[in-house]
Amino acid sequence: MSKQQAVLMQGNEACALGAIRAGMTFYSGYPITPSSEIAEECSIHLPKHGGRFIQMEDEIAGMAAALGGALTGAKVMTATSGPGFSLKQELIGYGMIAEIPCVLVNIMRMGPSTGLPTSPAQGDVMQAKWGTHGDHPVICLCPTSVKEMYELTIEAFNLAERFRTVVMVLTDEVIAHMREGVLLKDDYPLVHRKRPVDPPGPDFLPYKADPETLVPPMADYGQGYRYHTTGLAHTENGFPSNSPRINEALIKRICEKVDKFAHELEMNEFVDTDDCEHLIIAYAATARAAKFTVRELREKGVKAGLMIPKMLWPFPKNALNELLSKNNLKSIFVPEMNMGQYVHAVREEVAGRCPVYHIDDVSGELFGPHTIGNKIMEVASK
Amino acid sequence: MTTLDYLRQDKLPHIWCAGCTNGAITSAVIRAIENSGIDRDKTVIVSGIGCSSRAPGYMDFDTLHTAHGRALAFATGVKMANPELNVIIISGDGDAAAIGGNHLIHACRRNIDMTLIVINNCIYGMTAGQYSPLTPTGAFATTATYGNVDRAFDLVELSKGSGATYVARSTAYHAPQLQRYVEAGIKNKGFSVVEAISTCPTYFGRRNAMADPVKMMEWLKDNSENKRDGAAEYTKPYVLGEFVNKTEAEYTAAYDREILAKVMLKHARHPGDQGQEERGAE
Ligand SMILES: Cc1ncc(C[n+]2csc(CCOP(=O)(O)OP(=O)(O)O)c2C)c(N)n1
């Protein structure tokens, strides 16, 4: 049993401290509400642990510097919010094709554009998946509490190191700014990227993937490997290639290295789903409101249940399919603080097996449990 | 060692056109690296996107070919995460002064210990000849078929005004001079900018009556003159020389001295004592 200690923390602070706990030694970013406390906390705490912080000139630079830092062997992170997330998109793709471990936190706020900077929303769920051009794997975690901000940030580092890719932590302003007492463990297992076993030499192939994991071991810059990193499609030797076959193999491998393990990555919380007929799928702050909804509906005799994906991408297919096959689901509800994003992924997976309803709220105010409950009552009483 | 020893010879021949001087400038950079005596295995060469940015791919070092305009931002991360590494950046005029212009002035401002070589061919080479922020007014380009009305940056003045502590300009025609400046830039403990004016007969030359590579070299010679002490005015468009060479606080050293050293000392801790414990002290 691990010893636990309670601490009162803010969500963003928990994210910064979780990152340091995970072994982050470099943070680069550009301030933006409601993520700025992450930068502030990193600037305070990182140097105490021998790490460095830099405030760059914009979000693109924040992403670029993080990726550059990671190539020296550091565990790195950058954090932002909507407008900054849009700016980072090109380099997210760079991190994915060049296979650079990096944690990217995005605290969603009202958009589009400057929108309502201090109001919560969940408008970046699809941007997280499809924002950068081209095909790429996406791992995106989604905390619903301050404790999860801490623990899923650590998990994000572990996944970034394991898969050699950019891993996102996506949540909303509510979770980022809320304060909660958190029970921390003192033994969080940490993952470190695989480094090449062979010493530097002319035969070193920086992108030769392990046949099992499909992930190539990664050398640190400055160790004598003298290897090339590029955003161009490349062969195992890291250099651009014009071979259609090689390019196809690269894109397929970087997608497959995550897809292959997607089933074991799923991270969900279930509330009253054992016998539920009306399933709510909700994430981030909306999931907290939905917990109340379920309790209220159960009191009224409606068999409601809730699935909370803590990893939005890859989509939690297995859990949803299991619910669909075990339960006699009459309807699925996806409440989101947007005009309908995650609901599309749900519908795709459900594929007509049961009606899927979206419940939107784009007021910039936190979802009330009744908004969700009323909609379910409307459908359930039909 | 010869220049060839620093090249990835299996990656040759290069992609550059006949008459392009990216190769001459790359050799000057390599000789400067050798003369500066820095550890090759502790040296990272970074570039953006463009013909010029392909240079690191041929250089046998740790090399980082980034995204268009972002070389300096990636490089800043490399240097900041591991200040022991020597960081040299090769960038085009579009890469460094258009899309990457903001990163340029901020790298200058921070005075972070890196050396930037801007290969200025006065045009966007990779995308086949559109004007750049360093295309002279009146010159022709595929997006300036009536003559360029934009005014060009003076990279030296821009870098100087932004705080770079070593600033110099030379050309591919003056390769030995260029090599000396790059070497001095590498030796400077701060941010160094060396503008290397180059030739693009294919995309700049052809539209500006210099399709012949020799003509372009003559253009470099005829349009440049050396900086002279006390000279108030110059008649040629490009003045070559060292314009800034001074010592000022270097960024990573300042961070380590003013922040890391002080804060770490105060919070000397036991292994595993991470993250949450420090909060009580705040
Ligand atoms: C974000 C982005 N915008 C535009 C481009 C297209 N592009 C590639 S290189 C280049 C300009 C190259 O000019 P320069 O930087 O001067 O280098 P040169 O090729 O002349 O050496 C442009 C516009 C790109 N690759 N990425």
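Remember, predicted model here, so these are calculated numbers, not experimental data. (Residues numbered from 1 in each chain as written. Chains lettered and ligands numbered in written order. Predicted model: local features only at pLDDT ≥ 70, side-chain atom pairs only at ≥ 80, totals over all residues. Heavy atoms only, no water.)

For chain B, the count of helices and strands is 10 helices and 8 strands. Since a compact globule built from 282 residues should have a radius of gyration of about 19 Å, the 20 Å found for chain B is in line with a globular shape. The principal-axis extent of the C-alpha atoms belonging to chain B is close to 70 × 45 × 35 Å. When burial is assessed residue by residue, chain B has 56% of its 282 residues classed as buried. (Helix = DSSP H or I, 4+ residues; strand = E, 2+ residues; numbered from the N terminus. Rg over C-alpha atoms; globule rule 2.2 N^0.38 Å. Buried < 20%, exposed > 50% of the residue type's maximum accessible area, 1.4 Å probe, protein only.)

To continue, consider the interface of chain B and chain A. In this complex, chain B contributes 49 residues to the contact, which on the side of chain A involves 54 residues. At the junction of chain B and chain A, the tally comes to 4 salt bridges. With a shortest N-O distance of 2.7 Å, Arg52 of chain A and Asp256 of chain B are connected by a salt bridge. Summed over the shared surface of chain B and chain A, the result is 21 residue pairs in polar contact (both at pLDDT 80 or more). Mapped onto the side of chain B that touches chain A, the elements with two or more residues apiece are helix H2 (55–58), strand S2 (62–65), helix H3 (71–81), helix H5 (101–110) and helix H10 (251–266) of chain B. (Contact = heavy atoms within 4.5 Å. Salt bridge = Lys/Arg side-chain N within 4 Å of Asp/Glu carboxyl O. Polar contact = N/O pair within 3.5 Å; in protein donor to acceptor, adjacent residues only side chain to side chain.)

Let's shift gears to the pairing of strand S3 (residues 52–55) of chain A. It is a general feature of regular strands that their side chains alternate between the two faces of the sheet. All names here are of chain A. Across 4 bridges, the pairing between strand S2 (residues 24–29) and S3 is parallel. Within the sheet, the bridge partner assigned to Gly29 lies in S3 and is Gln55. A crossover connection joins S2 to the parallel S3 through helix H2 (residues 36–45); in handedness this β-α-β unit is right-handed. (Pairing = 2+ DSSP bridges. Right-handed = clockwise from strand over helix to strand, strands pointing away.)

What follows covers the domain arrangement of chain B. Residue and element names in this part refer to chain B. By domain assignment, chain B separates into domain 1 (3–248) and domain 2 (249–282). Each of domain 1 and domain 2 has a C-alpha centre, and these two points are 37 Å apart. Interface of domain 1 and domain 2: buried area, both sides summed, is about 650 Å²; carbon and sulfur atoms make up 69% of it. Summed over the three residues of domain 1 that lose the most area to domain 2, namely Met80, Arg110 and Glu248, the buried surface amounts to 57% of that side. At the surface where domain 1 touches domain 2, the tally comes to 4 residue pairs in polar contact (both at pLDDT 80 or more). A class-by-class count of the residues in the side of domain 1 that touches domain 2 yields 3 nonpolar, 2 polar and 5 charged. (Domains from an automatic or database assignment. Buried area = accessible area lost by both parts, 1.4 Å probe. Nonpolar A, V, L, I, M, F, W, Y, C, P; charged D, E, K, R; others polar.)

Let's shift gears to the site of the ligand. Taken together, 17 residues sit near the ligand, with Cys51, Ser52, Gly94, Asp95 and Gly125 of chain B positioned nearest. Surrounding the ligand are residues belonging to chains A and B, so the site spans chains. Within the side chain of Asp93 of chain B, a nitrogen or oxygen atom sits 2.8 Å from an oxygen atom of the ligand. Here Gly94 of chain B contributes a backbone N or O atom positioned 2.8 Å from an oxygen atom of the ligand. Notes on the ligand: free accessible area 590 Å², of which the protein chains cover 77%. It is helix H4 (residues 93–99) of chain B that provides the largest number of residues to the shell around the ligand, a total of 4 residues. (Near = heavy atom within 4 Å. Areas by Shrake-Rupley, 256 points an atom, 1.4 Å probe, with all protein chains shown as cover.)

Now for the nonpolar core. One finds Tyr27, Met77, Trp313, Ile332 and Val346 of chain A together with Phe191 of chain B to be the most contacted residues of the largest nonpolar core, which totals 143 residues. When neighbours within four sequence positions are excluded, Val346 of chain A is seen to be in contact with Ile281, Phe315, Leu320, Ile332, Val334 and Val356 of chain A. In this structure, Ile30, Phe61, Ala141 and Ala168 of chain B belong to the second largest nonpolar core, which totals 41 residues. (Core = buried A, V, L, I, M, F, W, Y, C linked by side-chain atoms within 4.5 Å.)

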